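Fold and contact review
Listed here are the chains, written in short residue letters.
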Amino acid sequence: MNKNDFYTFFRSVPKAEIHLHIEAVISTDSIKKLYLKKNGTEFTDGAIRELFSYEDLNGFIQAFLKVQDLFTAVSDFDLVFDDLQQYIRDNGLAYAEVFFAPSAFVKKGFDYAEIMQNFSKNIARIKAATGVDVRVLVDVSRTFGLENAEKNLDMLLQNRIPEVIGIGLGGAESKGPCKDFGPVFERARKNGLHAVAHAGEDQDAWSIWDAINVLHAERIGHGITAIQDEELMQMLKAAELPMEVAPTSNVFTKKYVPSFDKHPIRAFFDKGLLVTVNTDDPLFFKVSLLDEYWNLHTQLGFSKDELKAVILNSFKASFLTDEEKKAFADKVEAAWNAE
C-alpha cells in the first residue's frame with residue numbers, strides 16, 4: 001500500500017487519541033493571530049522557527065509555556081478548538097481525551113470557571129459539527145510543585161463540568177517525581193476522577209513503578225523506560241495497564257530513543273502490552289496521528305492487522321463505558337471490512 005492509499009484508508013477507520021495536549025493542537029496561523037493580538041506586530045516565520053527549535057524535553061516545555069503566554073483572554077481558546085476540530089477531521093478521530101494544563105493561565109489571571117465554560121461550549125460545538133466526543137484530563141502539573149497541583153485539583157472540584165473526567169501529571173519528571181503527588185491523586189480518586197500520569201518519559205523505570213504504586217495511575221503516559229525492566233513489563237501485561245505511547249515525541253526529546261526505528265513500542269507490542277499510539281503535541285513535534293501510524297508501518301514493520309489491534313487498543317484504553325467501547329470496536333471492524 002502506497003502512502004496516499006494508506007492515509008486515505010486509515011483516515012476512514014475510526015480512531016481514538018488519548019494522549020493529546022490541547023494547547024499543542026494549535027496551528028501556526030492561530031499562534032500568529034495570538035501574537036499579533038498581544039504584541040501589535042507580526043510574528044515572523046523566522047521567529048516561529050526559533051520558537052520551535054529545542055534539543056530536549058525541558059526545551060520543549062519552555063516553548064510550550066511561551067505559546068501559553070500568548071493567550072490574553074479566555075476567548076482565545078476558541079482558536080485552539082477550531083484547530084482541534086480540523087485535526088479531528090484530518091485524522092479520522094472518533095473520540096479524543098485531551099490534556100489541559102491550567103497553571104500558566106491561572107497565574108496570568110484567567111478565571112478557571114470561565115475557562116471551563118469556554119471548554120464546555122467549544123466541546124459541544126465540535127460534537128455538533130463532527131459527531132465526535134472530546135473529554136478533558138486536567139494536568140495538575142508537576143512543573144510548579146505540590147501546592148500548585150493541589151490548587152489545580154481544588155479548582156477542578158469547585159467547577160466540575162461533565163467534560164472533565166480526570167487528572168493527569170505532566171511536565172518534566174526530574175523536577176517532580178510521581179511520589180511527591182500522592183495526596184493529590186488520592187483525593188482525585190475519592191472524588192470519582194480518573195487518574196493518569198506521564199512516567200518513564202525522561203526518567204528510568206522506577207518512575208513508572210511510582211506512578212502505579214503511589215498514584216495508582218490507570219494509564220501510563222509514554223512509559224518507554226519500561227523496556228529496562230522485564231518484571232515491570234510483565235506486570236503491565238498482566239494488569240492490562242494501558243500505555244499512552246507517543247513515538248515521535250520520544251524521538252524528538254532525545255532522552256532514551258535515538259531514532260524512530262529504535263523505539264521500544266515494537267517490543268512492547270510483541271510482548272502483549274496494551275499499547276496505544278498518540279501524538280502528544282502535534283504542532284511541537286510536527287506530526288499527526290496518521291503520520292504516527294504510517295511511521296509504525298514503514299519504520300517498525302507493523303502490519304495492517306497489527307495496526308488494527310493498536311487502533312482497537314486506543315478505544316479499550318479510553319475512559320469510555322464498556323458499551324461505548326464495544327460500539328466503537330464494531331465500527332472499526334465495519335470500516336476495515338469495507339476496504
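Our structure's up above, just so we're on the same page.
Residues numbered from 1 in each chain as written. Predicted model: local features only at pLDDT ≥ 70, side-chain atom pairs only at ≥ 80, totals over all residues. Heavy atoms only, no water.

**Observations regarding the pairing of strand 1 (residues 15-21)**
Rules: When a residue's accessible area, from a 1.4 Å probe over protein chains only, is under 20% of the maximum for its type it is buried; when over 50% it is exposed; and in between it is partly exposed. Strands are runs of DSSP state E lasting at least 2 residues, helices are runs of H or I lasting at least 4, and numbering of each runs from the N terminus. Here the rule is simple: two strands pair whenever DSSP picks up at least two bridges between them.
The element strand 1 is largely enclosed, with a buried count of seven among its seven residues. Judged from the five bridges that link them, strand 1 and strand 2 (residues 93-100) form a sheet pairing that is parallel. By the bridge assignment, alanine 16 is partnered in strand 2 with tyrosine 95.

**What about helix 11 (residues 230-239)?**
Our working rule: This arc describes the spread of directions from the helix axis toward the C-beta atoms. Throughout, a contact is declared for two residues whenever any of their heavy atoms are within 4.5 Å. Throughout this description, a polar contact denotes any pair of N or O atoms lying within 3.5 Å of each other; where both atoms belong to protein, one of them has to be capable of donating a hydrogen while the other can accept it, and for residues adjacent in sequence the pair is counted only when both atoms sit in side chains.
For helix 11, the complete set of buried residues consists of Leu232, Met233 and Leu236. Seen from one end, helix 11 has its buried residues packed into an arc of 100°, which puts them on one side. Exposed and facing more than 90 degrees away from the buried side of helix 11 are Glu231 and Ala238. Residues of helix 11 that are buried make contact with helix 10 (206-213), strand 7 (243-245) and helix 13 (265-270). Taking the backbone nitrogen of glutamate 231 as reference, a side-chain oxygen 3.0 Å away marks aspartate 229 as the first, capping residue of helix 11. Glutamate 240 sits one or two residues past helix 11 and shows a positive phi near 50°.

**Regarding the sheet that holds strand 1**
Rules: Axis definition: a line fit to C-alpha positions, over the contact stretch in the case of helices; interaxial angles, taken between N-to-C directions, run 0 to 180 degrees.
The eight strands lie next to each other as 1-2-3-4-5-6-7-8, forming an open sheet whose pairing is parallel. Edge strands, defined here as strands with exactly one partner in the open sheet, are strand 1 and strand 8 (275-277). Shown here is a sheet whose adjacent strand axes are inclined to one another by a mean of 25°, direction ignored. As defined by bridge partners, strand 3 (residues 133-139) adjoins strand 4 (residues 164-168) across four bridges and the pair is classed as parallel. Residue pairing across strands places valine 138 opposite isoleucine 167, the latter belonging to strand 4. Each of strand 2, strand 3 and strand 4 is contacted by helix 7 (residues 112-130), which is oriented at about 155° to strand 3, the strand it contacts most.

**Comments concerning the packing of helix 1 (residues 3-12) against helix 15 (residues 289-299)**
The following threshold applies: With respect to orientation, any angle under 35 degrees is reported as roughly parallel, any angle over 145 as roughly antiparallel, any angle of 65 to 115 as roughly perpendicular, and every other angle as oblique. Each crossing is labelled by how the near helix is turned from the far one, with a counterclockwise turn of less than a right angle marking it left-handed and a clockwise turn marking it right-handed.
The contact between helix 1 and helix 15 brings their axes to 10 Å, and the two run at 125°. In terms of orientation, helix 1 and helix 15 fall into the oblique class. Note that helix 1 runs across helix 15; the crossing there is right-handed. Here helix 1 contributes Lys3, Phe6, Tyr7, Phe10 and Arg11 to the contact with helix 15, which in turn contributes Leu290, Asp291, Tyr293, Trp294 and His297.

**Examining the nonpolar core**
Stated precisely, the cut-off is as follows: By convention a nonpolar core is built from buried Ala, Val, Leu, Ile, Met, Phe, Trp, Tyr and Cys residues, the set being connected through side-chain atoms within 4.5 Å.
In this structure, Phe77 and Phe284 are the most contacted members of the largest nonpolar core, which totals 117 residues. Not counting residues up to four positions away in its chain, the partners in contact with phenylalanine 284 are Ala24, Phe52, Tyr54, Phe60, Ala63, Phe64, Val67 and Phe252.

**A short note on the pairing of strand 4**
Heads up, the condition is: Viewed with both strands pointing away, a crossover whose connecting path from the first strand over the helix to the second turns clockwise is right-handed.
With five of five residues buried, strand 4 is to be regarded as a mostly interior element. The parallel pair strand 3 and strand 4, bridged by helix 8 (residues 146-158), forms a crossover whose chirality is right-handed. Here two bridges tie strand 4 to strand 5 (residues 194-199), and the two strands are oriented parallel to one another. Residue isoleucine 167 lies in a different strand from strand 5, and its bridge partner there is alanine 195. Handedness of the crossover joining strand 4 and strand 5 through helix 9 (residues 182-190): right-handed.

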